[in-house]
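# A look at the structure
The chain contents come next:
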Amino acid sequence: MVKIENLNKFYEIDGQKQYVLNAINLNIQKGECVILKGVSGSGKTTLLSIIAGLDKPSSGKVLVDGEPISKLPDMHLSSFRAQKIGIVFQNFNLLDGVSLADNAMVPLIASGIGLKEAKLKAQDALKLANIDHKANKTPIELSGGEKQRGAIARALVANPNLILCDEPTANLDRANSLSFIQTLKELHNMGKTIIVATHDSLFEELDFEHRVVEISQGSLVGRG
Ligand SMILES: Nc1ncnc2c1ncn2[C@@H]1O[C@H](COP(=O)(O)OP(=O)(O)OP(=O)(O)O)[C@@H](O)[C@H]1O
Ligand SMILES: [Mg+2]
């Protein structure tokens with residue numbers, strides 16, 4: 001599902017190349033759940049952003065479902081991403097002042113489906129994320145865990161096969177974190193490919209099949 005070959009990402013600072021990602025090679029099969037673990041600044045968000053096509057590599061190859069995501073023209077990229085990739089951001093990135101139901105419809109905009117169908121899909125996604133009872137609430141009226149479930153609903157609305165989560169439990173208490181992990185398990189059982197970037201130790205005790213990949217100073221530790 002995700003194939004990364006010799007990926008490098010650097011920033012030029014004072015004429016010097018500062019490597020944030022260094023010769024990354026990683027193959028993730030369909031249906032796999034990968035926990036990307038690493039300390040702050042190790043490159044987790046950068047790697048997820050490149051896989052999502054939100055950021056470009058400096059060199060190397062990234063294939064998502066066979067497509068070279070960094071080379072797709074912008075127009076194709078946004079519809080490709082909307083159909084294939086669900087993203088749960090660390091700070092949820094929900095739109096304020098807009099209901100969860102409307103937030104959940106956002107990824108469908110690029111797909112060009114009708115409003116009626118979009119509403120039904122949003123309803124289904126909110127149900128799957130266990131937050132359909134708050135569909136008409138805006139983010140300000142919700143707890144951290146509820147917002148997070150809203151963000152999961154938005155990530156799932158287009159039924160993507162690849163789900164990327166960046167520090168999904170960073171703002172959650174233990175109970176909500178465990179409930180997030182339960183949702184991940186359901187997605188895993190549905191056959192979704194999942195990548196979670198985290199340094200939360202709760203992810204070290206998952207009770208379903210997964211692979212831990214460690215990143216340190218922009219390089220994968222051991223074999224990816
Ligand atoms: N635009 C930029 N210019 C220069 N350096 C950058 C830029 N964006 C990120 N970096 C550097 O890249 C490194 C990796 O950042 P990244 O956000 O990927 O880390 P992370 O593992 O997600 O950390 P955290 O756990 O704190 O979220 C950091 O050292 C950061 O300073
Ligand atoms: Mg990060």
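Presented here is an overview of the structure given in this document. (Residues numbered from 1 in each chain as written. Chains lettered and ligands numbered in written order. Predicted model: local features only at pLDDT ≥ 70, side-chain atom pairs only at ≥ 80, totals over all residues. Heavy atoms only, no water.)

### Brief notes about the nonpolar core
Using the following cut-off: Take the buried residues of types Ala, Val, Leu, Ile, Met, Phe, Trp, Tyr and Cys, join any two whose side-chain atoms come within 4.5 Å, and each joined set is a nonpolar core. For every residue, the accessible area obtained with a 1.4 Å probe (protein chains only) is divided by the maximum for its type, and the residue is called buried under 20%, exposed over 50%, and partly exposed between those limits. Helix and strand definitions here come from DSSP, where helices need a minimum of 4 consecutive H or I residues and strands a minimum of 2 consecutive E residues; each element is numbered from the N-terminal end. Pairs of residues are marked as contacts when any of their non-hydrogen atoms sit within 4.5 Å.
If you look at the biggest cluster of nonpolar residues, it comprises 37 residues, and the most contacted ones within it are L126, C165, F180, L184, V196 and F203. Among the elements of the structure, β3 (33-37), α3 (100-105), α4 (115-128), α5 (144-156), β7 (162-166), α6 (174-189) and β8 (193-198) are those that each provide at least two residues to this core. Sort the elements by how many residues they give to this core and α5 lands first, with five residues. Beyond its immediate sequence surroundings of up to four residues, F180 is in contact with Q148, I152, C165, P168, T169, L172 and F203. If you look at the next biggest cluster of nonpolar residues, it comprises 30 residues, including L7, I50, I85 and L164.

### Side note on the site of ligand 1
Selection criterion: Being near a molecule or strand, for a residue, comes down to having at least one heavy atom within 4 Å of it. Think of a polar contact as two N or O atoms within 3.5 Å of one another; within protein, one of them needs to be a possible hydrogen donor and the other a possible acceptor, and neighboring residues in sequence only count if both atoms come from side chains. Each accessible area is a Shrake-Rupley estimate made with a 1.4 Å probe; only the visible protein chains count as cover when residues are assessed. Residue polarity follows a fixed list, in which Ala, Val, Leu, Ile, Met, Phe, Trp, Tyr, Cys and Pro are nonpolar, Asp, Glu, Lys and Arg are charged, and the others, Gly among them, are polar.
In the vicinity of ligand 1, the contacting residues are Y11, V20, V39, S40, G41, S42, G43, K44, T45, T46, E167 and H199. E167 is positioned such that a nitrogen or oxygen atom in its side chain is 3.2 Å from an oxygen atom of ligand 1. Starting from 650 Å² of accessible surface for ligand 1 in isolation, the protein chains cover 59%. Broken down by class, the residue content of the shell around ligand 1 amounts to three nonpolar, seven polar and two charged.

### Details of the packing of α5 against α6
How we decide: Each axis is a line fitted through C-alpha atoms, and for a helix only the stretch in contact is used; angles between axes span 0 to 180 degrees, taken between their N-to-C directions. Note on terminology: angles under 35 degrees are roughly parallel, angles over 145 are roughly antiparallel, angles of 65 to 115 are roughly perpendicular, and the others are oblique. Crossings are assigned a handedness: left-handed for a near helix turned anticlockwise from the far helix by less than a right angle, right-handed for a clockwise turn.
Closest axis-to-axis distance for the α5/α6 pair is 10 Å, and the angle between their directions is 15°. Classified by the interaxial angle, the pair formed by α5 and α6 is roughly parallel. Here α5 and α6 pass one another in a crossing that is right-handed. Together, G145, Q148, R149, I152 and L156 of α5 and N176, F180, T183 and L187 of α6 make up the contact between the two elements. When its residues are assigned to classes, the contact of α5 with α6 shows four nonpolar, four polar and one charged.

### Structural notes on the sheet that holds β3
Defined as follows: The pairing criterion is simple: DSSP has to find at least two bridges between the two strands.
Taken in spatial order, the six strands of this open sheet run β6-β7-β8-β3-β9-β10, and their pairing is mixed. In this open sheet, the two strands that pair with only one neighbour each are β6 (85-88) and β10 (219-221). Averaged over all pairs of adjacent strands, the angle between their axes in this sheet comes to 25°, without regard to strand direction. As judged from the five bridges shared by β3 and β8, these two strands associate in the parallel manner.

### Quick notes on the sheet that holds strand β4 (residues 59-64)
The antiparallel open sheet is built from four strands, whose spatial order is β2-β1-β4-β5. The sheet is open, and its two edges are formed by β2 (16-28) and β5 (67-68), each paired on a single side. The pairing of β4 with β5 spans two bridges and is classified as antiparallel. If you follow V64 over to β5, its bridge partner there is E67.

### Overview of the environment of G144
Turning to its location among the elements, G144 is positioned in helix α5. For the pair G144 and G60, spaced 84 residues apart in sequence, the C-alpha to C-alpha distance is 37 Å. Once residues lying within four places of it in the same chain are set aside, the contact partners of G144 are F92 and L172.

### Points about the pairing of β6
Burial of β6 is two-sided: the residues I85 and I87 facing one way and the residues G86 and V88 facing the other way are all buried. Of the pairings in the sheet, the one linking β6 to β7 comprises four bridges and is parallel in character. What sits directly across from G86, in β7, is I163.

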